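# Topology and contacts: notes
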Number of protein chains: 2
Amino acid sequence: MLPRKIPDAMIGFEHMKKLSRTSPSRIVLLIIDGVGGLPHPQTGKTELESARKPNLNQIAKESLCGLIDPVSPGITPGSAPGHLAIFGYDPVKYNIGRGVAEALGIDAKLKPDDIAARGNFCTLDSQGLVTHRRAGRISTEKNARLCRLLGDITVEGADIFVLPVKEHRFVVILRGEGLSPEVGDSDPQQIGLPPKKIEPLSPQAQKTAEIANEFLSEARTVLRSEAPANMVLLRGFSRRPDIPPMSEIYKLKPAAIAIYPMYRGLARLVGMRVLPAGDSITEELNSLNRYYADYDFFFIHFKSADTKGEDGDFRAKVQAIEEIDSALPGLLSLNPDVLIVTGDHSTPAALSMHSWHPVPFMLRSKWCRPDDVTEFSERACQAGAMGRFPATEIMPLAMANALKLDRFGA
Amino acid sequence: MLPRKIPDAMIGFEHMKKLSRTSPSRIVLLIIDGVGGLPHPQTGKTELESARKPNLNQIAKESLCGLIDPVSPGITPGSAPGHLAIFGYDPVKYNIGRGVAEALGIDAKLKPDDIAARGNFCTLDSQGLVTHRRAGRISTEKNARLCRLLGDITVEGADIFVLPVKEHRFVVILRGEGLSPEVGDSDPQQIGLPPKKIEPLSPQAQKTAEIANEFLSEARTVLRSEAPANMVLLRGFSRRPDIPPMSEIYKLKPAAIAIYPMYRGLARLVGMRVLPAGDSITEELNSLNRYYADYDFFFIHFKSADTKGEDGDFRAKVQAIEEIDSALPGLLSLNPDVLIVTGDHSTPAALSMHSWHPVPFMLRSKWCRPDDVTEFSERACQAGAMGRFPATEIMPLAMANALKLDRFGA
């Protein structure tokens, strides 16, 4: 009931490193992406309240429940901050730049000093002014061909990798000595203007800005006859945050099972081993069973609740929740010492986007103090014993319930 | 219920500036001053629980409810921190000095470098010792006459303005180059001592201390035959805090409707446009209707719940709550996209003063996730989905519900 500080401030990683210890107990963290919702105007019930979900409700009965804020009240999290907070990292401190996020999204392996930028193919008119910032959304195939052309550009001082994403989007990775992410964008963010020159934002970024500008100059030559994709715009130059791995903070051996590359990339960023995931929740849980003896922390990602929410399809989101519920016996049979079910943010079908609403949470273990919650839903979890709390508190709770934390102080 | 850091720490203004965007939606913030209370010994019901307030209760049914701590649990806020917190400013960081608060209270327009001090007329005996710190509470008329005398004092290095407040209280404003608020008080805070010499508290405050001491020396001459008001005491030298305007943080065009000067001054301090308020809640709401198209954020201040609470008049405070309830249809007819009703602090009639008790809060919008609260009261709001939370989280929530915030992170 009392407003508390987030644990990275209250019990920081330095303390957590000292308190944590290895033990045979296992923690399973199931993230149902975008699980929180809003009431349907006809029924007054949210997607979770509308779904038939006997397994999730049974877990709720045996769990400590609550509602999490991934970032803070009112703030709508992207996928990266939503997940990082649950993994225990202050999502404001460990902010992921756009270039890095895009690279994670295509499973590109970034080295610690690599600089990644998000690229768009765009259209310039004869005077060099941007007439379309997405080059009319060219096909992914054309994108791949143009990225191969750009990949042949060589600039002294860095290796340059150009990796296609989808439609007009790609990633540029600069690899070399003495680079810095502190450079501006070339994307003018509106049409009718020329692409901007990349400016260094600090003295040590001079070299990076020169390399990026030379790449852009070459790109213009290479693409000159490729209208509408006759130029590129770069933005969000960034480097992997210097993030301490979970093995170091919690002495865990963590593994991730996720179908989508973005989530595998995030897991890798915090030091998780990425396991095979197949392409369905059943295959994900088969993988969990197969590797269960080899790790002591498992992050399992279930995507489609978010996808259907973003589609604005209330009924399909309800079905996605029912799908994960039906698959749960394949997880429950392992009887993990600590089982956590939550989401990285809400994605109400009514809004068709990520939202700021807090997310239902439950933690089941032999040692949790269960509350009176009997259903996994927004309204029911709000009355749980955890109340509403910052997602960064989940990991200390998980570790405690796994009996993997020594006591603090004499 | 809400364990969280205040947003100015977690999502600071730097982030908020990037996330916020302008849109046509409108936010209306109604502050019922001192609305929170304590149970009446006979009935066990608070002022809010005793009032007939169908409109407030109807809003509660459609709202997300909770209890706010303006500063932090146990801390009784003055009016300035109570309001600043609701406007999104950390009230500890943006502390308002006593001199500035007094100047705001008479609607004095302070320039950014002006130094304001609170003044008291006092009585000195023949040995120059203070015998009465308030000069027997002289009349406001006499105060005004003596301030005119003091206003004729000229001191090299600064323009000096002396503005009467009420009874023995006045404000001195120093305006000039190279002044500093870092000087001590002349008020010895007890009788039987002489007024203190004003001491510079930092080297750059030397000039200000000299000017203040010269003013005090002249004041003693001017007032020598005005017993009991034969001298003045100064304290709380301060400067307007350097506070970023709401237009810059939230990209809002904010306006204030408040009858009392203190609240207009606070609103001006955070960059609100002060609109005509008349002298009743009905006239305030008429003004809201008249200007509704021209701004996208409205702060409406209703004072008398606090006044009656400070009078210790339980029944009159109940009536004040019923008065604002009756006036509400004039606000509800506008159907603002986001409507917030709360108070800047509690003023229980049982205590006859501001108190530390958390304050009922409700936020209604198309996109809030309503809870099961059906009444606007301390007890009912405590069970709301927001639980208990810091008042500084209100603005991010308001912005989110008005769909005026982009998502955070990739």
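For the structure given in this document, a descriptive report is provided here. (Residues numbered from 1 in each chain as written. Chains lettered and ligands numbered in written order. Predicted model: local features only at pLDDT ≥ 70, side-chain atom pairs only at ≥ 80, totals over all residues. Heavy atoms only, no water.)

### Description of the side chain of A:Thr208
Residue and element names in this part refer to chain A. Locating Thr208 in the fold gives a position in helix α8 (residues 206-222). Taking relative accessible area as the criterion, Thr208 reaches 0% and is therefore assigned buried. When sequence neighbours within four positions are dropped, the list of residues in contact with Thr208 reads Leu174, Gly178, Leu179, Ser180 and Val183. (Helix = DSSP H or I, 4+ residues; strand = E, 2+ residues; numbered from the N terminus. Buried < 20%, exposed > 50% of the residue type's maximum accessible area, 1.4 Å probe, protein only. Contact = heavy atoms within 4.5 Å.)

### Focus on the side chain of B:Ser79
Residues and elements named next belong to chain B. By the secondary structure assignment, Ser79 is in helix α5 (residues 79-86). Polar side-chain contacts of Ser79 include one of 3.5 Å to the side chain of Tyr263. Not counting chain neighbours up to four residues away, the residues in contact with Ser79 comprise Met262, Tyr263, Leu266, Asp344, His345 and His354. (Polar contact = N/O pair within 3.5 Å; in protein donor to acceptor, adjacent residues only side chain to side chain.)

### Focus on unusual backbone geometry
All names here are of chain A. Following Ala227, the chain continues into Pro228 via a peptide bond in cis, with omega recorded as 10°. A positive phi angle, close to 50°, is found at Arg137, a residue other than glycine. Relative to the helices and strands, Arg137 resides in the loop between β4 (130-132) and α7 (140-151). Under the relative-accessibility criterion, Arg137 is labelled partly exposed at 47%. Here the phi dihedral of Gln189 falls at roughly 70°; this positive angle occurs in a residue that is not glycine. Looking at where Gln189 falls in the secondary structure, it is placed in the loop between β6 (169-175) and α8.

### Considering the pairing of strand β5 (residues 159-166) of chain B
All names here are of chain B. Pairing of β5 with strand β6 (residues 169-175) involves seven bridges; the strand directions are antiparallel. Its bridge partner being in β6, Ile160 is matched across the sheet by Leu174. Hairpin geometry of β5 and β6 is characterised by an intervening segment of two residues between the two adjacent antiparallel strands and by a positive phi of about 50° at Glu167. (Pairing = 2+ DSSP bridges.)

### Remarks on the nonpolar core
B:Phe87, B:Tyr89 and B:Met246 are the most contacted members of the largest nonpolar core, which totals 109 residues. When neighbours within four sequence positions are excluded, B:Met246 is seen to be in contact with B:Phe87, B:Tyr89, B:Lys251, B:Leu252, B:Pro254, B:Val270, B:Met272, B:Phe297 and B:Met395. (Core = buried A, V, L, I, M, F, W, Y, C linked by side-chain atoms within 4.5 Å.)

### Quick notes on the interface of chain A and chain B
Each partner contributes residues to the interface: chain A has 49 residues there, and chain B has 36 residues. When chain A packs against chain B, close to 3500 Å² is buried across both sides, 66% of that on carbon and sulfur atoms. In this structure, the connection of chain A to chain B is made through one salt bridge. The residue B:Asp372 makes a salt bridge to A:Arg379 at a minimum N-O spacing of 3.8 Å. Between chain A and chain B we count eight residue pairs in polar contact (both at pLDDT 80 or more) in total. Only β2 (64-69), α5 (79-86), α15 (378-382) and β13 (387-390) of chain A provide two or more residues apiece to the side of chain A that touches chain B. When residues of the side of chain A that touches chain B are assigned to their parent elements, the largest contribution, four residues, is made by β13(A). Looking at the side of chain A that touches chain B, its residues break down into 27 nonpolar, 14 polar and eight charged. (Buried area = accessible area lost by both parts, 1.4 Å probe. Salt bridge = Lys/Arg side-chain N within 4 Å of Asp/Glu carboxyl O. Nonpolar A, V, L, I, M, F, W, Y, C, P; charged D, E, K, R; others polar.)

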